[in-house]
Amino acid sequence: MIISTEMAQSIVDQLMDIVQRNVNIIDCNGIILASGQGHRINTFHQGGLAAANTKNVIEIQVEDVAKYTGALPGVMWPINIKGRIVGVVGVTGEPCEVRNTAKLVKTVTELVLEREMFLADYRSENRVKAQLVNLLFSDNPDLISDDVYTLAEMLNYTIKLPRRVMLIQLEPLNNYEFSSDGLQNLYSDRIRETVLNKVKESPFLNKEDICLFYKKNLCLIKSESEQWETKKRDNFAEQLVTMLSSIQPHLKVQVGLGGRALNESQLRLSFNEAKCALDFSSDNTIRSIHDPEILLSYLFKADRVSYDDSLILQELKLNFDQMKDSCDMSKTLDYLLKNNLNVSLTADKLFIHRNTLKFRLEKFKKFVGLDPCHFFQHAMLCKIILYMEKTDCSH
């Protein structure tokens, strides 16, 4: 890693405000890159060169200054980044007075440089990911273009796969924000790096899963070659929460699950559903758009345009269409809702036995996943499904 003079001087300025001592950053050739003493910049520091070459701490006493060209009394620490010496940091003063300060300065300098390395790699890969995701999540589906396929190919993603958006909100200790800058936020940047590495290395993710920080939340676009069963989907979310919570004892993790997008043009819908689920006021750590209460809050938003914008409704409607004719479910649900979910009265109106109606409702629950007689939200969704069917028939 080559330390730029701008970066070195920025580190020096911030550290000097903290330690109230002169700080130098020296390259591996012994040239001072940055200093609180401006006249020494770009001059040779033999003590710095010795620290870089020997990879050891060099302490220069007052009586030893003559032995080291360009040096003043102080302590020089090699800067070690991932096993490689990239420079030296020094603090001016009597070694017995600045020894501990110099060690602190060295540690903080390494943290800053590691953060910059991470951000450089992160920005390079994530710049392309962000471009791809911005296109996929755009409110204008007409923006899906050749650019999507070009960017996906650059990242080695097969874009035409079913996927589900998961948004993960991480609230670290002391309420640091992941998007903030500055020396004081090294802590949150280290967590961010750890989070991305943990997710990338986890055994339950694959190479087609897209993961990045997007609008302050961790965004995971999970590929699904086959329809997940509810239990498997929830187990995956629980595993994800457990893994992320283990990173830091006081890291609060909350997850919002969107619906299953069958193709790239539907991913914006899955994102909108995941965001609604994450924002839904609940004590649950994992919030899914499959929850009827959350789904209804999404459907009844003031800016809703069409029920076709809901992946979950489309899924429910598809399951309903596949079984409705065998049990005359359209008429059955219509009568059930008109008779205030009274099973006996509905059976009489349909001229069928009460047990026949109960059989139909059990089959409906099995195929569609709704139980209107026992849950108000399920009844509301049944009403919407019937409305969608009548609307389809009118075209």
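Reading the values: the criteria
- Residues numbered from 1 in each chain as written.
- Predicted model: local features only at pLDDT ≥ 70, side-chain atom pairs only at ≥ 80, totals over all residues.
- Heavy atoms only, no water.
- Helix = DSSP H or I, 4+ residues; strand = E, 2+ residues; numbered from the N terminus.
- Buried < 20%, exposed > 50% of the residue type's maximum accessible area, 1.4 Å probe, protein only.
- Contact = heavy atoms within 4.5 Å.
- Areas by Shrake-Rupley, 256 points an atom, 1.4 Å probe, with all protein chains shown as cover.
- Phe/Tyr/Trp six-rings, centres within 6.5 Å; stacked < 30°, edge-to-face > 60°.
- Salt bridge = Lys/Arg side-chain N within 4 Å of Asp/Glu carboxyl O.
- Core = buried A, V, L, I, M, F, W, Y, C linked by side-chain atoms within 4.5 Å.
- Axes fitted to C-alpha atoms, helices over the stretch in contact; angles between N-to-C directions.
- Parallel < 35°, antiparallel > 145°, perpendicular 65-115°, else oblique.
- Left-handed = near helix turned anticlockwise from the far one by under 90°.
- pLDDT = per-residue confidence, 0-100.
- Lys, Arg positive; Asp, Glu negative; His and termini not counted.
- Polar contact = N/O pair within 3.5 Å; in protein donor to acceptor, adjacent residues only side chain to side chain.

> How would you sum up the overall build of the protein chain? Please name residues and give values.
A tally of helices and strands in the protein chain yields 13 helices and 10 strands. Across the 395 residues that make up the protein chain, the buried fraction comes to 49%. Taking the contacts inside the protein chain whose residues are at least 6 apart along the sequence as the reference set, 58% of them involve residues at least 24 apart. By element, 49% of the accessible surface of the protein chain is carried by carbon and sulfur atoms, the whole surface being about 20000 Å².

> Describe the packing of aromatic side chains, and please don't skip the residues or the numbers.
Applying the stated rule across the entire model yields five aromatic pairs. Arranged with centres 5.9 Å apart and planes meeting at 85°, the rings of Y307 and Y387 form a pair that is edge-to-face. Here the residue Y307 occupies a position in the loop between α8 (292-299) and α9 (311-327), and Y387 occupies one in helix α13 (residues 376-394), the gap between them amounting to 80 residues. A relative accessible area of 24% means that Y307 is categorised as partly exposed. Here F320 and F364 contribute two aromatic rings whose centre-to-centre distance is 6.2 Å and whose plane-to-plane angle is 85°, an arrangement assigned as edge-to-face.

> Break down the pattern of salt bridges for me, citing the residues and quoting the values.
In this structure the tally under the stated criterion is 17 salt bridges. Residues R99 and E59 are paired through a salt bridge, measuring 2.6 Å at the closest nitrogen-oxygen approach. With R99 in helix α3 (residues 95-136) and E59 in strand β3 (residues 58-60), this residue pair connects regions lying 40 residues apart in the sequence. For E389, the salt bridge identified is with K324, shortest N-O distance 2.6 Å. Placement of E389 in helix α13 and of K324 in helix α9 is noted, with a sequence separation of 65 residues between them. You can call E389 buried: its relative accessible area is 10%. Here the residues in one salt-bridge network are K317, D321, K324 and E389, joined through shared partners.

> Talk me through the nonpolar core; I want residue IDs and the actual numbers.
Ranked by size, the top nonpolar core spans 33 residues in total, and within it L316, F364 and L381 carry the most contacts. For this core, the secondary-structure elements that each account for two or more residues are α7 (267-279), α8, α9, α10 (329-338), α11 (343-350), α12 (354-368) and α13. With 26 residues, the next largest nonpolar core counts V148, A152, I159 and C219 among its residues.

> So, the packing of α7 against α8: which residues are in play, and what are the values?
Between α7 and α8, the least distance of the axes is 10 Å, while the angle of their chain directions is 115°. In this view, α7 runs roughly perpendicular relative to α8, as classed from their interaxial angle. The element α7 and its partner α8 pack so that their crossing is right-handed. In contact with L269, N272, E273, C276 and A277 of α7, α8 contributes I294, S297 and Y298.

> Let's hear about the confidence of the model for the protein chain: which residues, and what values?
Should the pLDDT be low somewhere, the predicted coordinates at that spot are not to be read in detail. The pLDDT averaged across the protein chain works out to 87; a share of 90% of its residues lies at or above 70. Within the model, the stretch residues 179-184 combines pLDDT values under 50 with 11 contacts to residues more than four positions away or in other chains.

> Report on the side chain of D27, specifying residues and quantitative values.
Secondary-structure assignment places D27 in the loop between β1 (23-26) and β2 (32-35). For the buried residue D27, which engages in no salt bridge, the nearest side chain bearing the opposite charge is R84, 12 Å off. Among the polar contacts made by the side chain of D27, one reaches the main-chain amide nitrogen of N29 at a distance of 2.8 Å. Residues within four places of D27 in sequence aside, it is in contact with L33 and G87.

> Which residues make up unusual backbone geometry, and what values go with them?
Glycine aside, the phi torsion of most residues is negative, and most peptide linkages are trans. Residue N156 is not a glycine yet carries a positive backbone phi of 65°. Note on placement: N156 falls in the loop between α4 (146-154) and β6 (163-171). The backbone of K215 sits at a positive phi, close to 55°, despite the residue not being glycine. Considering the arrangement of structural elements, one finds K215 in the loop between β7 (210-214) and β8 (217-223). The class of K215 is exposed, set by a relative accessible area of 63%.

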